[in-house]
2 protein chains.
Amino acid sequence: MRTDHDVPSASASDSGGGPTFAAPVVEGREPTDAELARTLAAEVTTGVLSTVARNPVGTPFGSLAPFGLDGDARPVLCISELAEHTRNLQANPRSSLLVARPAVAGVDPLAGARLTLIGHTLPVPPAEVEAAKAVHLEGNPYAAGYIDYGDFSLWRLQVDVVRYVGGYGRMSWVDLDAWRSAEPDPVAPLADGAIEHLNADHADACLLMVQRLGGRPDAVSAEVTALDRYGIDLLATGSEGAGRVRLPFDEPVVTGPDIRAATVALAHRARAAD
Amino acid sequence: MRTDHDVPSASASDSGGGPTFAAPVVEGREPTDAELARTLAAEVTTGVLSTVARNPVGTPFGSLAPFGLDGDARPVLCISELAEHTRNLQANPRSSLLVARPAVAGVDPLAGARLTLIGHTLPVPPAEVEAAKAVHLEGNPYAAGYIDYGDFSLWRLQVDVVRYVGGYGRMSWVDLDAWRSAEPDPVAPLADGAIEHLNADHADACLLMVQRLGGRPDAVSAEVTALDRYGIDLLATGSEGAGRVRLPFDEPVVTGPDIRAATVALAHRARAAD
C-alpha cells in the first residue's frame with residue numbers, strides 16, 4: 001500500500017488544540033487493499049462508468065452502470081445501444097468504472113472507500129453471452145426486465161489498472177493479479193450487526209481487550225469501529241488520547257458463529273491477561 | 001424533452017401477459033428537465049468526476065467529488081494536488097460530473113434520476129476563491145477540515161452540456177440557459193413526508209381525486225408517488241389497469257403550509273365534482 005496523503009481531520013485537530021491522538025496499535029494481519037477492493041465490488045453493484053464522449057469529442061462522460069463481477073473480476077454491463085455510454089464505447093472502448101458505497105447522511109463522503117477499475121469495455125463474445133448474463137443478473141436482478149431486449153447487449157470491462165482509495169490517508173494502485181485473485185470478505189455482510197452487538201452488549205470486554213491486548217492500559221472507553229475476516233478495529237480513548245487499536249482473530253473467520261467464537265476468544269484472552 | 005428509449009418494465013409486462021397498463025392522464029404543468037436537474041443537484045452534493053487519465057493516457061478516470069453549486073450553476077470542487085483527478089485536470093481540463101441519488105436497496109438503480117454536467121474544470125481565479133469556498137462548504141461542510149490546507153485548491157466546472165436522465169423513458173439534453181436559470185424545487189425536501197401523510201391519512205381523498213379529476217372513474221385505489229411544486233403524481237389502479245395520473249396545484253407551492261392548502265383544495269374540488 002502506498003500512502004501519499006495526510007489524514008486531514010487528525011492533522012487539523014493536532015494543530016488546532018483539539019483532542020489528542022494516540023499512535024495506532026496494530027497487531028496481526030489486516031485485509032489488503034486488493035481484498036478491500038474486492039469486498040467493496042461484491043457489496044456495491046452499481047457504479048459510474050466513464051467513457052469518452054463523441055460530442056464534445058474527447059470529454060470524459062460519466063453515467064450510471066449496474067454491474068456484476070465475473071470469475072476474472074471483470075465488471076459485466078448490460079447496456080442499450082440507444083444509451084450515450086454505449087455509443088461512446090462503440091467509438092472508443094477506453095473506460096473506467098468507479099465503485100463507491102452510497103453516501104450516508106452525516107458522514108464525510110471522502111472518508112469512505114471507493115475503487116476505480118480502468119481499462120477497455122468491449123462486447124462479450126457470443127459464446128460467452130449466456131454466462132455473462134448470469135453474472136450481470138446476479139449483480140443487478142432488475143435487468144431481468146430488459147436483458148433480452150434487442151437493443152440491450154452485454155459488455156465487459158477488461159481491467160488494466162485498479163485504483164483503491166480507502167478513505168483519507170489510504171490509497172494505492174492495486175496489483176492486477178492481487179485484484180483478480182483476492183476474495184471478498186465472507187463476513188462483510190455480517191459486520192455491521194456484529195459491531196452493533198459488541199458495542200451494545202460487550203463494552204466491558206472490548207475495553208479489557210484494548211487495555212490488555214492492545215497496548216492501551218490507559219483506555220477508559222473502547223468502541224468497535226470495524227470487523228473483517230482477520231480481526232477487529234477499535235477506537236480506544238484514554239489519557240494518551242484517542243487512537244486505533246487493531247486486534248487479530250486467531251484465524252480468519254467465515255461465518256457468524258466463527259465471529260462469535262473469535263470475539264469470545266479475544267475476551268477470554270483479555271481476562272486471562274490480568 | 002426528448003424521449004428516445006422505451007420503458008422496459010411496462011413493455012415487458014405488456015408482452016408477457018402480466019398486469020395491464022392504463023394510459024397516463026396528465027393535467028397541467030410538470031417540472032421541466034432543467035428544473036428536475038437543478039433540484040437533483042441541490043439535493044445530492046457528492047458526484048463522480050470523470051477526468052482524462054495521464055496513464056493509461058486518454059482513458060476516462062472516475063473519482064468521488066463532493067461539490068457545491070454556485071450562482072451560475074457551476075459545480076465548485078475542493079481537490080488536492082496530490083489526487084489523481086487534480087493531476088489529470090492540470091494536464092487536461094475536459095471533464096464531467098455525474099450526479100445521482102444514492103442507490104436504495106430493493107429499487108432498480110436505473111429507475112432513478114441522474115445528471116451529467118459536461119465541460120471543463122479549471123482553477124477558480126484568486127479574486128473569486130473566497131466566494132467559491134463558501135459555495136463549496138455549503139455543499140460539503142466536511143471540507144472545513146482541509147479547505148485551507150496548502151495542497152487543496154478550488155476548481156470550477158464550466159458546464160458546456162447537460163445530460164439529464166429521469167429514469168426509464170425520460171432523458172434529454174438540457175438547454176444550457178434553462179439549466180442556469182432553473183430553480184431547485186423549494187418543496188423537494190418536504191415531498192417524502194407529505195407523500196407519506198397523504199397515503200397514510202388521506203387515501204379516500206386521493207382515490208376521489210383520480211376518479212373525478214384524473215379521468216380514472218374506474219379506479220379502486222390511488223397512491224401518491226411524487227409531489228413537486230406544481231402538483232402530484234398518483235398511481236391509479238382499476239379495471240382499466242394501473243396508470244399514472246398527474247394533477248396540478250392551482251399555483252406553485254413553496255412551503256409546507258402551501259402543500260397542505262393545495263392538496264386540501266384538490267380534495268375539495270374532487271368532492272364537489274360529484
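In what follows, the structure referred to is the one given above.
Residues numbered from 1 in each chain as written. Chains lettered and ligands numbered in written order. Predicted model: local features only at pLDDT ≥ 70, side-chain atom pairs only at ≥ 80, totals over all residues. Heavy atoms only, no water.

Peer 1: Hey, could you run me through the relation of the copies chain A and chain B in this one?
Peer 2: Rotating chain A by 180 degrees about the axis while translating it 0.0 Å along that axis superimposes it on chain B, leaving an RMSD of 0.0 Å. Classification of the inter-copy transformation places it as that of a two-fold axis. (Least-squares fit on C-alpha atoms with pLDDT ≥ 70 in both.)

Peer 1: So what exactly am I meant to see when it comes to unusual backbone geometry here?
Peer 2: All names here are of chain A. With an omega dihedral of 0 degrees, the bond running from N55 to P56 counts as a cis peptide bond. Positive phi, close to 60 degrees, is recorded for A73, a residue that is not glycine. As for its placement among the helices and strands, A73 is situated in the loop between β4 (68-69) and β5 (75-80). For A73, a relative accessible area of 1% puts it in the buried group. (Helix = DSSP H or I, 4+ residues; strand = E, 2+ residues; numbered from the N terminus. Buried < 20%, exposed > 50% of the residue type's maximum accessible area, 1.4 Å probe, protein only.)

Peer 1: Looking at this structure, how should I read the pairing of strand β9 (residues 170-174) of chain B?
Peer 2: Working note: regular strand, side chains alternate between the two faces of the sheet. Two elements, strand β8 (residues 152-167) of chain B and β9 of chain B, share five bridges in a ladder whose sense is antiparallel. Looking across to β9 of chain B, one finds that R163 of chain B is bridged to W173 of chain B. (Pairing = 2+ DSSP bridges.)

Peer 1: Looking at this structure, I do not really get the sheet that holds strand β10 (residues 219-228) of chain B. What am I missing?
Peer 2: Sheet strands associate in pairs through backbone hydrogen bonding, adopting either a parallel or an antiparallel arrangement. All names here are of chain B. Ordered in space as β1-β12-β11-β10, the four strands form an open sheet in which the pairing is mixed. Looking at the sheet topology across the chains shown, the edges are occupied by β1 (25-26) and β10. Sheet analysis places strand β11 (residues 231-238) next to strand β12 (residues 241-248), joined by eight bridges and oriented antiparallel. Paired with A236 across the strands is G243, a residue of β12.

Peer 1: Before we go on, may I ask you to explain the interface of chain A and chain B in this structure?
Peer 2: Interfaces are often described in size by the accessible area the parts lose on coming together. At the junction of the two partners, chain A supplies 50 residues and chain B supplies 50 residues. Three residues stand out in chain A for area buried against chain B, namely P60, L64 and Y142 of chain A, and they jointly supply 15% of the buried area on that side. Along the contact surface separating chain A from chain B lie zero salt bridges. Here chain A and chain B share 15 residue pairs in polar contact (both at pLDDT 80 or more) between them. Sorting the residues of the side of chain A that touches chain B by element identifies α1 (8-16), β2 (46-54), β3 (57-66), β6 (94-100), β7 (114-123) and β8 (152-167) of chain A as the ones contributing at least two each. With nine residues, the top contributor of residues to the side of chain A that touches chain B is β3 of chain A. Class assignment for the residues of the side of chain A that touches chain B results in 26 nonpolar, 17 polar and seven charged. (Contact = heavy atoms within 4.5 Å. Buried area = accessible area lost by both parts, 1.4 Å probe. Salt bridge = Lys/Arg side-chain N within 4 Å of Asp/Glu carboxyl O. Polar contact = N/O pair within 3.5 Å; in protein donor to acceptor, adjacent residues only side chain to side chain. Nonpolar A, V, L, I, M, F, W, Y, C, P; charged D, E, K, R; others polar.)

Peer 1: Looking at this model, I keep getting lost on the pattern of salt bridges. Mind explaining?
Peer 2: Where charged atoms from two side chains of opposite charge come close, those side chains can pair. All names here are of chain A. By the definition in use, this model includes 36 salt bridges over all chains. Across the pair E130 and K133 runs a salt bridge, and its minimum N-O distance is 3.4 Å. Here E130 pairs with K133, and both are found in helix α4 (residues 129-139), just three residues apart, close to one helical turn. The exposed category is assigned to E130, whose relative accessible area is 56%.

Peer 1: Teacher, can you tell me more about the nonpolar core here?
Peer 2: One recurring pattern in soluble globular proteins is that nonpolar side chains are buried together. Judged by nonpolar contacts, the single largest core of 30 residues is most densely connected at L154 of chain A together with L154 of chain B. The residues contacting L154 of chain A, other than those within four sequence positions of it, are V76, L77, C78, L122, P123, V124, V129, A132, K133, H136 and I147 of chain A. (Core = buried A, V, L, I, M, F, W, Y, C linked by side-chain atoms within 4.5 Å.)

Peer 1: Would you take a moment to explain the sheet that holds strand β11 (residues 231-238) of chain A for this structure?
Peer 2: Taken together, four strands build an open sheet; the order of strands is β1-β12-β11-β10 (chain A) and the sheet is mixed. With one partner strand each, in any of the chains shown, β1 (25-26) and β10 (219-228) of chain A form the two edges of the open sheet.

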